[in-house]
Amino acid sequence: MLRLDKVSKIYRVGAFGGKALLAVNKVSFEVHKGQVVSLIGESGSGKSTIGKMILRLLKPSEGKITYNGEDIGGFEGEALKNYYRQVQGVFQDPFSSYNPIFKADRIFRVVHEEFFPQVSAAEWGERVEKALSSVGLNPAHVLNKYPHQLSGGQLQRFLIARALLLNISFLVADEIISMLDASTRIDVLNLLADLKAYGLSILFITHDLSLAYYISEQAVILYKGNVAEQGAVEKIFNNPLHPYTRMLMESVPRLDRKWEKGVRLVDRDVENLRTGCPYYQRCPVAEPRCALSQPPLVEVEQDHWVACVHYESGADVLKPPALAG
Amino acid sequence: MKKRSEVLYFTLRNKKLLIGSGIILIFLILALIGPSFTQYKPLDYASPRGAEPPSAKFWMGTTFFGQDVFSQFVNGLRATFVVGLLGGGLGTLVGMLIGFTAGYRGGIVDEILNAFTNIVLVIPTLAVLLIIAAYLQVRSLMMECLFIGLTAWPWAARAIRAQTFSLRTRDFVDLAKLSGMKPLRIIRDEIAPNMMSYLVLVFILQFGGAILTAATLDFIGLGPTNTISLGLMMQYAVLWGALPFGMWWWFVPPGLAITAIVGALYSMNVGLDEIFNPKLREI
């Protein structure tokens with residue numbers, strides 16, 4: 001349904017744009033109908049950039065994003081509007097998603113004006129109330145209020161209701177629950193699961209592995225704009241092969257275990273490493289050859305891809321060396 | 001309809017706005033109907049006895065040359081409002097046009113417009129004026145407005161550009177784009193309302209700046225020759241020794257009027273800020 005084909009984003013930085021910053025490097029993946037794909041990575045890994053490129057808020061420097069086989073870069077005017085009828089996004093910070101000087105329900109009015117001008121005001125009001133009910137909000141409590149009078153969870157559900165009004169088939173959820181507290185978190189997550197059951201595809205952008213495991217079928221692990229590991233979520237979680245993925249797994253606090261020994265962090269001194277593995281600087285099992293060339297993404301088992309030299313040859317794939325420390 | 005009545009409700013409750021606009025209204029009415037209450041023209045030598053304090057015949061006294069100060073005051077008020085509105089308005093308009101375009105588009109458009117802004121910013125206004133004055137024989141009030149408007153916009157453009165720059169990266173602008181809104185509508189409906197009180201402040205400062213620039217131009221003999229303004233009155237008063245001779249009725253009214261007008265506009269700005277920004281409202 002939605003497909004990224006070797007998509008890269010290069011930013012020009014520094015005085016007069018003299019330096020190039022590779023935010024996203026040749027990322028490819030596909031999201032099928034009714035599927036949830038998690039995009040996992042730390043800050044600056046390029047995961048939000050990918051989300052914004054899918055939403056046409058940023059332009060890819062290289063590569064192509066296609067939706068149902070059509071290049072989204074070519075959409076203009078009515079075609080672009082039609083794309084937004086089907087593809088919408090919800091962002092991380094619910095408070096900055098609203099224009100602070102207008103009431104929060106103005107987002108519904110804008111959708112009405114832009115997408116459904118032929119629908120009467122009365123009917124639209126009913127639709128809004130229905131959408132709000134389906135995201136678990138009481139319309140009487142939340143309508144006609146300013147953003148600062150509502151909670152983060154309510155605002156975030158407002159945005160999901162807005163997407164529902166458009167009857168979308170693809171949602172980019174960019175860290176949508178990272179700013180909510182634990183009790184409202186699960187409500188929003190379950191809401192997404194319900195929507196998925198109705199056939200909605202979701203790109204779930206997160207830095208939280210457990211959330212990704214909870215909700216998605218496929219996962220893409222990003223490190224500095226490069227895919228470290230991707231494939232079926234079960235396979236990645238039960239058998240993490242890239243040292244970065246393993247480090248991430250080790251870093252998740254667990255309820256049944258006291259923190260005994262922290263993950264040993266490596267920080268190699270590398271000046272402007274242009275070639276080589278992007279994870280070389282922090283990799284605990286790196287070898288000299290890792291600094292020379294970037295390992296390609298190889299399929300080590302069905303629907304499980306890793307970019308690490310230790311798994312390039314088929315033989316020792318499933319016998320990774322023990323993590324140092 | 002409901003939204004409109006709510007804005008009206010907070011507008012009518014806001015004392016700062018009401019007092020500010022009340023003062024402006026009084027001066028505006030004075031400027032509009034004042035001239036019909038006096039039979040003297042502002043530059044006529046009405047009294048043969050020179051400077052006179054206020055009396056029943058001359059409500060605000062007369063100048064060193066026996067001109068009627070009241071007539072000068074109300075006519076000067078008129079010219080001052082015209083210069084402020086047209087000159088300040090034009091400056092604000094050009095500043096908004098350049099600032100919004102540069103800030104929203106970014107990239108190469110921004111760099112070109114920014115360079116242009118900086119060039120206009122460093123042009124020495126007075127030197128250009130001297131050259132223009134040397135070529136033009138007759139100078140009208142409209143010319144003065146045009147000149148002030150076209151030289152005063154750069155700092156407004158810079159400030160608006162900076163604010164637009166920070167606002168356009170906010171998520172609600174992204175959301176507006178996802179709603180299929182066109183750039184012009186995003187600027188008008190999403191970005192501009194967030195800085196509405198700031199735009200009013202820009203207009204106020206452009207308004208005041210235009211009045212002061214006009215006074216300076218009049219003083220060095222580059223203003224319109226056939227009219228009077230509050231700034232011109234003050235300059236004449238100072239030039240002809242109103243201060244050492246204690247002719248307070250000559251320089252106090254124009255000075256007070258300029259202070260009151262700019263002060264009232266400032267009070268309006270604070271009040272408007274409260275209306276536009278619900279967080280500042282006194283419930």
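Everything numeric here is computed off the predicted structure, so don't read it as measured data.

1. Here's the deal with the overall build of chain A
Within chain A, the secondary structure is distributed over 10 helices and 12 strands. Expected size for 325 residues packed as a compact globule is a radius of gyration near 20 Å; at 21 Å, chain A falls within 12% of this value. Projected onto the principal axes, the alpha-carbon positions of chain A cover approximately 70 × 50 × 40 Å. Restricting to contacts in chain A with at least 6 residues of sequence separation, those with at least 24 account for 62%.

2. Here's the deal with the overall build of chain B
Assigned secondary structure in chain B consists of 12 helices and zero strands. Sequence-ordered secondary structure for chain B, helices as α and strands as β, is α-α-α-α-α-α-α-α-α-α-α-α. By principal-axis analysis of the C-alpha atoms, chain B measures approximately 75 × 50 × 30 Å. Sorting the 283 residues of chain B into buried and exposed places 42% on the buried side.

3. Points about the nonpolar core
Ranked by size, the top nonpolar core spans 152 residues in total, and within it Leu39(A), Ala173(A), Leu203(A), Phe204(A) and Val220(A) carry the most contacts. It is helix α3 (residues 69-105) of chain B that provides the largest number of residues to this core, a total of 15 residues. Counting contributing residues per domain, this core is built from domain 1 (2-238) and domain 2 (241-253 + 261-325) of chain A, each supplying no fewer than three. Not counting the four nearest positions on each side in its chain, Val220(A) is found in contact with Phe29(A), Val37(A), Leu39(A), Ile40(A), Val227(A) and Gln230(A).

4. Let's talk about the packing of helix α8 (residues 171-178) of chain B against helix α9 (residues 183-191) of chain B
Residues and elements named next belong to chain B. In the contact formed by α8 and α9, the axes pass within 11 Å of each other and the chain directions differ by 135 degrees. On the basis of their axis angle, the class for α8 and α9 is oblique. Helix-helix and strand crossings are classified by hand; for α8 and α9 the assignment is right-handed. Facing α8, whose interface residues are Phe172, Val173, Ala176 and Lys177, α9 presents Ile186, Glu190 and Ile191. For the contact of α8 with α9, a count of residues per class yields five nonpolar, no polar and two charged.

5. Notes on the domain arrangement of chain A
Many analyses report the size of an interface as the accessible area lost when the parts associate. Residue and element names in this part refer to chain A. The domain architecture assigned to chain A consists of domain 1 (2-238) and domain 2 (241-253 + 261-325). Of the residues lining the interface, 14 residues belong to domain 1; the matching set on domain 2 comes to 16 residues. Elements with a minimum of two residues in the side of domain 1 that touches domain 2: α8 (209-215), β9 (218-223), β10 (226-232) and α9 (233-238). For the side of domain 1 that touches domain 2, the element with the most residues is β10, which contributes seven residues. For the side of domain 1 that touches domain 2, the residue count by class is seven nonpolar, four polar and three charged.

6. Section: the sheet that holds strand β12 (residues 304-306) of chain A
Residue and element names in this part refer to chain A. Reading across the sheet, the eight strands line up as β6-β7-β8-β3-β9-β10-β12-β11 and stay open at both edges, with mixed pairing between neighbours. At either end of the open sheet lies a strand with only one pairing partner, and these are β6 (87-90) and β11 (298-301). Here the average twist between neighbouring strands, direction ignored, is 20 degrees. Pairing between β9 and β10: six bridges, direction antiparallel.

7. Notes on the interface of chain B and chain A
In this complex, chain B contributes 17 residues to the contact, which on the side of chain A involves 20 residues. By residue class, the composition of the side of chain B that touches chain A is seven nonpolar, four polar and six charged.

8. What about α3(B)?
For an α-helix the count is 3.6 residues per turn, leaving residues at separations of three or four pointing the same way. All names here are of chain B. Between its terminal C-alpha atoms α3 stretches 52 Å, which fits the 54 Å expected from 37 residues at 1.5 Å a residue. Burial within α3 is extensive, with 29 of its 37 residues counted as buried. Residue Gly106 follows α3 closely and has a positive phi angle near 65 degrees.

9. So, the confidence of the model for chain B
When pLDDT drops low, the exact placement of atoms in the prediction is not to be read closely. Residues and elements named next belong to chain B. Of the residues in chain B, 95% reach a pLDDT of 70 or more, and the chain-wide mean stands at 82. At the level of individual helices and strands, chain B shows its lowest average pLDDT in helix α1 (residues 2-13), which scores 71, and its highest in α8, which scores 92. Here the predicted complex scores 0.76 on pTM and 0.83 on ipTM.

10. Regarding the packing of helix α4 (residues 121-134) of chain A against helix α6 (residues 152-165) of chain A
Residues and elements named next belong to chain A. Their axes nearest at 9 Å, the elements α4 and α6 cross at an angle of 125 degrees. One finds that α4 runs oblique with respect to α6. Regarding α4 and α6, the two cross each other, and that crossing is right-handed. Two secondary-structure elements touch here, α4 through Arg127, Val128, Ala131, Leu132 and Ser134 and α6 through Ala161, Leu164 and Leu165. Taken together, the residues of the contact of α4 with α6 break down into six nonpolar, one polar and one charged.

11. Observations regarding the pairing of strand β3 (residues 36-40) of chain A
Residue and element names in this part refer to chain A. Across the five residues of β3, five count as buried, placing the element largely inside the fold. Because side chains alternate across β3, one face comprises the buried residues Val36, Ser38 and Ile40, and the other comprises Val37 and Leu39, equally buried. Here five bridges tie β3 to strand β8 (residues 201-206), and the two strands are oriented parallel to one another. Paired with Val36 across the strands is Ile202, a residue of β8. Pairing geometry for β3 and β9, over four bridges, is parallel. Within β9, the position partnered with Ser38 by the bridge is Ala219.

Cut-off values and rules
- Residues numbered from 1 in each chain as written.
- Chains lettered and ligands numbered in written order.
- Predicted model: local features only at pLDDT ≥ 70, side-chain atom pairs only at ≥ 80, totals over all residues.
- Helix = DSSP H or I, 4+ residues; strand = E, 2+ residues; numbered from the N terminus.
- Rg over C-alpha atoms; globule rule 2.2 N^0.38 Å.
- Contact = placed C-beta atoms within 7 Å.
- Buried ≥ 20, exposed ≤ 12 C-beta atoms within 10 Å, placed from the backbone.
- Core = buried A, V, L, I, M, F, W, Y, C linked by C-beta atoms within 7 Å.
- Domains from an automatic or database assignment.
- Axes fitted to C-alpha atoms, helices over the stretch in contact; angles between N-to-C directions.
- Parallel < 35°, antiparallel > 145°, perpendicular 65-115°, else oblique.
- Left-handed = near helix turned anticlockwise from the far one by under 90°.
- Nonpolar A, V, L, I, M, F, W, Y, C, P; charged D, E, K, R; others polar.
- Pairing = 2+ DSSP bridges.
- Expected span 1.5 Å × (residues − 1).
- pLDDT = per-residue confidence, 0-100.

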